[in-house]
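Understanding the architecture of this molecule
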Amino acid sequence: MSSTRRRALDAAVTLIGTEGIRSLTHGKVDAAAALPAGSTSNHFRTRAALVAGVVEWLAHEERQDGGLPEPHSRDELVTLLSRMGAAQTGPLATRTRARYALFLEADDDAIRPLRDQRRGMEEWIRGVLTELGGESAARNTTFLMAACDGLLLHRLTVDPDVPIDDVIARAVDAALQT
């Protein structure tokens, strides 16, 4: 990927994550990325192409985050999910806000890569819960993911300092109860 395209996509994610999806224009991306006027439109001819490019970029970046160790105990799962939550509401908060904005406002075709990414995360969580608690725990995959999403949203919108570990531990414990 060219450095211009990468800079444009990084700037687009920041714009969406800080100002919302309506702020996403070719000109604003060029300015935010300190690119010459017209650079973004050379890579993404239309706004729809730009949105699709951002969605693909977000999915790619989140897949890169996936290089985490596989948890093989309740404590390892709590630690891993807590670290992920801290990253997504700390240094990656803008990217997390952008993902939520795109889920809420982009059309179904554009967000397909993010939905695919989400399904991959769901399969991963289901596999971990199956290993730790069997099929009855695996049935709690949606619950655990919803609890984690709720915590992320709460930290991003209401209280950025709410402790993560206790909430995650309670959600994991509830998911593992059979």
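Residues numbered from 1 in each chain as written. Predicted model: local features only at pLDDT ≥ 70, side-chain atom pairs only at ≥ 80, totals over all residues. Heavy atoms only, no water.

**Focus: the overall build of the protein**
A count of helices and strands for the protein gives nine helices and zero strands. For the protein, the sequential pattern of α-helices and β-strands runs α-α-α-α-α-α-α-α-α. Expressed as lengths along the three principal axes of its C-alpha atoms, the size of the protein is roughly 55 × 30 × 25 Å. Within the protein, buried positions represent 41% of all 178 residues. Relative to all contacts within the protein whose residues are 6 or more apart in sequence, the contacts with residues 24 or more apart total 67%. For the protein, the exposed surface amounts to about 9300 Å²; the carbon and sulfur share of it is 52%. (Helix = DSSP H or I, 4+ residues; strand = E, 2+ residues; numbered from the N terminus. Buried < 20%, exposed > 50% of the residue type's maximum accessible area, 1.4 Å probe, protein only. Contact = heavy atoms within 4.5 Å. Areas by Shrake-Rupley, 256 points an atom, 1.4 Å probe, with all protein chains shown as cover.)

**Looking at the packing of aromatic side chains**
Within this structure, the stated rule accounts for zero aromatic pairs. Taking NZ or CZ as reference, R99 lies 5.4 Å from the ring centre of Y100, over its face. (Phe/Tyr/Trp six-rings, centres within 6.5 Å; stacked < 30°, edge-to-face > 60°. Lys NZ or Arg CZ within 6 Å of the ring centre and 35° of its normal.)

**Here we look at the packing of helix 4 (residues 47-64) against helix 6 (residues 93-105)**
Between helix 4 and helix 6, whose axes approach to 11 Å, the crossing angle comes to 130 degrees. When the axis of helix 4 is compared with that of helix 6, the two are oblique. The two elements helix 4 and helix 6 meet at a crossing, and its hand is left-handed. Mapping the contact onto sequence places V51, V54, V55, L58, E61 and E62 in helix 4 and R95, A98, R99 and L102 in helix 6. (Axes fitted to C-alpha atoms, helices over the stretch in contact; angles between N-to-C directions. Parallel < 35°, antiparallel > 145°, perpendicular 65-115°, else oblique. Left-handed = near helix turned anticlockwise from the far one by under 90°.)

**Considering the pattern of salt bridges**
In total, this model carries 11 salt bridges according to the counting rule given. Across the pair D75 and R74 runs a salt bridge whose closest N-O atoms are separated by 2.7 Å. Where R74 meets D173, a salt bridge forms, and the shortest distance between an N and an O atom there is 2.7 Å. One end of the pair, R74, is in helix 5 (residues 74-89); the other, D173, is in helix 9 (residues 165-176), with 99 residues separating them in the sequence. On the accessibility criterion, D173 (33% relative accessible area) is partly exposed. Linked by salt bridges that have partners in common, R74, D75 and D173 make up one network. (Salt bridge = Lys/Arg side-chain N within 4 Å of Asp/Glu carboxyl O.)

Structural measurements only, silent on function.
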